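# Structural overview for review
Given next are the chains, with one letter for each unit.
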Amino acid sequence: MDNILYIVRGLPGSGKSTYAKSIGCLHLEADMYFNRSGEYTFKPELIKKAHSWCQEATDKALNHGMDVVVSNTFTKLWEMEPYLKMHNNVLVYKCTGDYGSLHDVPFSVIHDMSNRWEDFEGEIVV
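To keep things clear, this report deals only with the structure shown in the data block.

Parameters and conventions
Residues numbered from 1 in each chain as written. Predicted model: local features only at pLDDT ≥ 70, side-chain atom pairs only at ≥ 80, totals over all residues. Heavy atoms only, no water. Core = buried A, V, L, I, M, F, W, Y, C linked by side-chain atoms within 4.5 Å. Buried < 20%, exposed > 50% of the residue type's maximum accessible area, 1.4 Å probe, protein only. Helix = DSSP H or I, 4+ residues; strand = E, 2+ residues; numbered from the N terminus. Contact = heavy atoms within 4.5 Å. Polar contact = N/O pair within 3.5 Å; in protein donor to acceptor, adjacent residues only side chain to side chain. Phe/Tyr/Trp six-rings, centres within 6.5 Å; stacked < 30°, edge-to-face > 60°.

### Remarks on the nonpolar core
- Ranked by internal contacts, the top residues of the largest apolar core, which has 13 residues, are Leu5, Ile7, Val68, Val70, Phe74 and Tyr83.
- Counting residues per element, the ones that place at least two in this core are strand 1 (5-9), helix 2 (47-63), strand 5 (68-71) and helix 3 (81-86).
- Take this core: its biggest share by element is 3 residues, from helix 2.
- Look past the residues within four positions of Phe74 in its chain and what remains in contact with it is Ile7, Val8, Arg9, Glu79, Met80, Tyr83 and Trp117.
- Listed in part, the 7 residues of the second largest apolar core include Ile4, Val8, Ala20 and Cys95.

Take a look at the structure:
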């Protein structure tokens, strides 16, 4: 397959979604699962379903020959594994901006995420 899977990762407020949208292909992220009728309502108890939905939608689009960009925090490398196994042509980007969290994620949560961050060899820092 010649299509590409782009993975965009970073802490909340780092510019993931903005950068992902600039790539110009199908953009998916787990947060989209919580966007109903234009209103974002995060429910922590549904986070596993949100990630499953994102993985399934990504796999389906890739199998239809589409380029796909997935933007999620992906703080730990194992979180990217399902996507890395899905496709051979993968580019990984790490966003490092500081734009403030769109979903008002508390600083303490972002700090904890930063402390558990694992770099991915070969990722492109933007």
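### Focus: the side chain of Glu29
- With respect to the element layout, Glu29 can be found in the loop between strand 2 (26-28) and strand 3 (35-36).
- A distance of 2.9 Å separates polar atoms of two side chains, one belonging to Glu29 and the other to Ser17.
- Beyond its immediate sequence surroundings of up to four residues, Glu29 is in contact with Ser17, Trp53, Cys54, Ser71 and Asn72.

### A look at the environment of Val70
- Mapped onto the secondary structure, Val70 falls in strand 5.
- Along the chain, Val70 and Thr18 lie 52 residues apart, while their C-alpha atoms are 12 Å from each other.
- The contact partners of Val70, leaving out residues within four places of it in the chain, are Leu5, Tyr6, Ile7, Val8, Leu28, Cys54, Thr58 and Tyr83.

### A word on the packing of aromatic side chains
- A complete count under the given rule lists 7 aromatic pairs for this structure.
- Following the ring pairs from residue to residue traces out a cluster consisting of Tyr33, Phe34, Tyr40, Phe42 and Trp53.

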